[in-house]
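Spelled out, the chains give:
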Amino acid sequence: MTPTRAPRSDARANRAGILDAARLALAGDPHASVDAIARSAGLSRRTLYGHFDDRDALIRELIVAGAQRFNAIAASVADADARRALARLATRLWHEAAHVQVAAALALDEAHVAQTAEALAPLRRAVAQLVERGQHDGSFRTDLTAATLARLIEEVARTVVARVDASSPSAADLAVRTLLSVAGLSWRETDDLLRTHPDVLTEEAG
């Protein structure tokens, strides 16, 4: 049996270049065509189709790659305080999503929501566990079930990613305050938390 060959280095470079070009093209135009993406990558349409069957296949790979980053970020948050953990998670995810905001919003579009949900399963589990911990210790609201509150946090985060201007210097602060509010903190409690732990708003994902 002939062993499977690893992709040649130039093929790997072309594929990586296509993905980078797709991120840039989609940031400029969420409906960018295959031709536009190929031009951005400095490649022919034929070369692009040598790596991806169609535009959807390209977007699916972008979703998977982005989800891996998001899942790793969720695993990196280790604060014992559930409120601080949610603030830090929101900040790290925001800084990551802000670099590819339109592409991230595209991934969360209804056309790709099922695949996105599957790819982001580890992140969703982390949020659900965080919500359960926060409800158990009295940090988060308990008028909703943990599953409902976790879903509500996810949906609000999705809206923030899609609608908030990533270039605004207050964007990360707004994202964090919004999610803490959904979790049940008052604006005064959020102010106290962020004043006491300002690092949660200044760090970026590694």
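Placed above this text is the structure.
Small disclaimer: the values here were computed from a predicted structure and weren't measured.

1. Observations regarding the nonpolar core
The tendency in soluble globular proteins is for nonpolar side chains to be buried side by side.
Move 1: Ranked by internal contacts, the top residues of the largest apolar core, which has 43 residues, are Leu 89, Leu 123, Phe 140 and Ile 153.
Move 2: Contributions of two or more residues to this core are made by helix H4 (55–76), helix H5 (82–99), helix H8 (121–136), helix H9 (146–163), helix H10 (171–183) and helix H11 (187–196).
Move 3: Tallying contributions element by element places H5 first for this core, with nine residues.
Move 4: Setting aside its immediate chain neighbours within four residues, Ile 153 contacts Leu 86, Val 127, Val 131, Leu 179, Val 182 and Ala 183.
Move 5: Judged by nonpolar contacts, the second largest core, of 15 residues, contains Ile 18, Ala 22, Leu 26 and Leu 48.

2. As for the packing of H4 against H8
Move 1: Axis separation between H4 and H8 bottoms out at 8 Å; the angle between their running directions is 30°. Between H4 and H8, the interaxial angle falls into the category roughly parallel. Viewed along their axes, H4 and H8 form a crossing whose handedness is left-handed. Seen from H4, the contacting residues are Phe 70, Asn 71 and Ala 74; seen from H8, they are Pro 122, Leu 123 and Ala 126.

3. Observations concerning the packing of H8 against H9
Move 1: One can describe the packing of H8 onto H9 by two numbers: an axis separation of 9 Å at closest approach and a directional angle of 125°. Considering their axes alone, H8 and H9 lie oblique with respect to each other. Our pair here, H8 against H9, has a crossing hand that is right-handed. Each of Arg 124, Val 127, Ala 128, Val 131, Glu 132 and Gln 135 in H8 lies in contact with H9, whose residues at this interface are Ala 146, Leu 149, Ala 150, Arg 151, Ile 153 and Glu 154.
Move 2: For the contact of H8 with H9, the per-class residue count stands at seven nonpolar, one polar and four charged.

4. Notes on H4
Move 1: The end-to-end C-alpha distance of H4, which contains 22 residues, comes to 32 Å, matching closely the 32 Å that a straight helix rising 1.5 Å per residue would cover.
Move 2: Its side-chain oxygen 3.2 Å from the backbone nitrogen of Asp 56, Asp 54 forms the N-cap of H4.

5. Here's the deal with the environment of Thr 190
Move 1: Within the secondary structure layout, Thr 190 lies in helix H11.
Move 2: The exposure class of Thr 190 is buried, given its relative accessible area of 3%.
Move 3: For the pair formed by Thr 190 and Arg 83, sequence separation is 107 residues and the distance between their alpha carbons is 8.9 Å.
Move 4: Once residues lying within four places of it in the same chain are set aside, the contact partners of Thr 190 are Arg 177, Leu 180 and Leu 185.

6. Some points on the pattern of salt bridges
Move 1: Across all of its chains, the model carries 15 salt bridges by this definition.
Move 2: Arg 69 is the salt-bridge partner of Glu 96, the closest N and O atoms lying 2.7 Å from each other. Linking Glu 96 in helix H5 with Arg 69 in helix H4, this pair joins segments that are 27 residues apart in sequence.
Move 3: Classification of Arg 69 as partly exposed rests on a relative accessible area of 38%.
Move 4: Salt bridges here are not isolated pairs; linked through shared partners, they connect Asp 79, Arg 84, Arg 88 and Asp 199.

Cut-offs applied
Residues numbered from 1 in each chain as written. Predicted model: local features only at pLDDT ≥ 70, side-chain atom pairs only at ≥ 80, totals over all residues. Heavy atoms only, no water. Core = buried A, V, L, I, M, F, W, Y, C linked by side-chain atoms within 4.5 Å. Buried < 20%, exposed > 50% of the residue type's maximum accessible area, 1.4 Å probe, protein only. Helix = DSSP H or I, 4+ residues; strand = E, 2+ residues; numbered from the N terminus. Contact = heavy atoms within 4.5 Å. Axes fitted to C-alpha atoms, helices over the stretch in contact; angles between N-to-C directions. Parallel < 35°, antiparallel > 145°, perpendicular 65-115°, else oblique. Left-handed = near helix turned anticlockwise from the far one by under 90°. Nonpolar A, V, L, I, M, F, W, Y, C, P; charged D, E, K, R; others polar. Expected span 1.5 Å × (residues − 1). Polar contact = N/O pair within 3.5 Å; in protein donor to acceptor, adjacent residues only side chain to side chain. Salt bridge = Lys/Arg side-chain N within 4 Å of Asp/Glu carboxyl O.

All quantities given are derived from atomic positions and should not be read as evidence of function.
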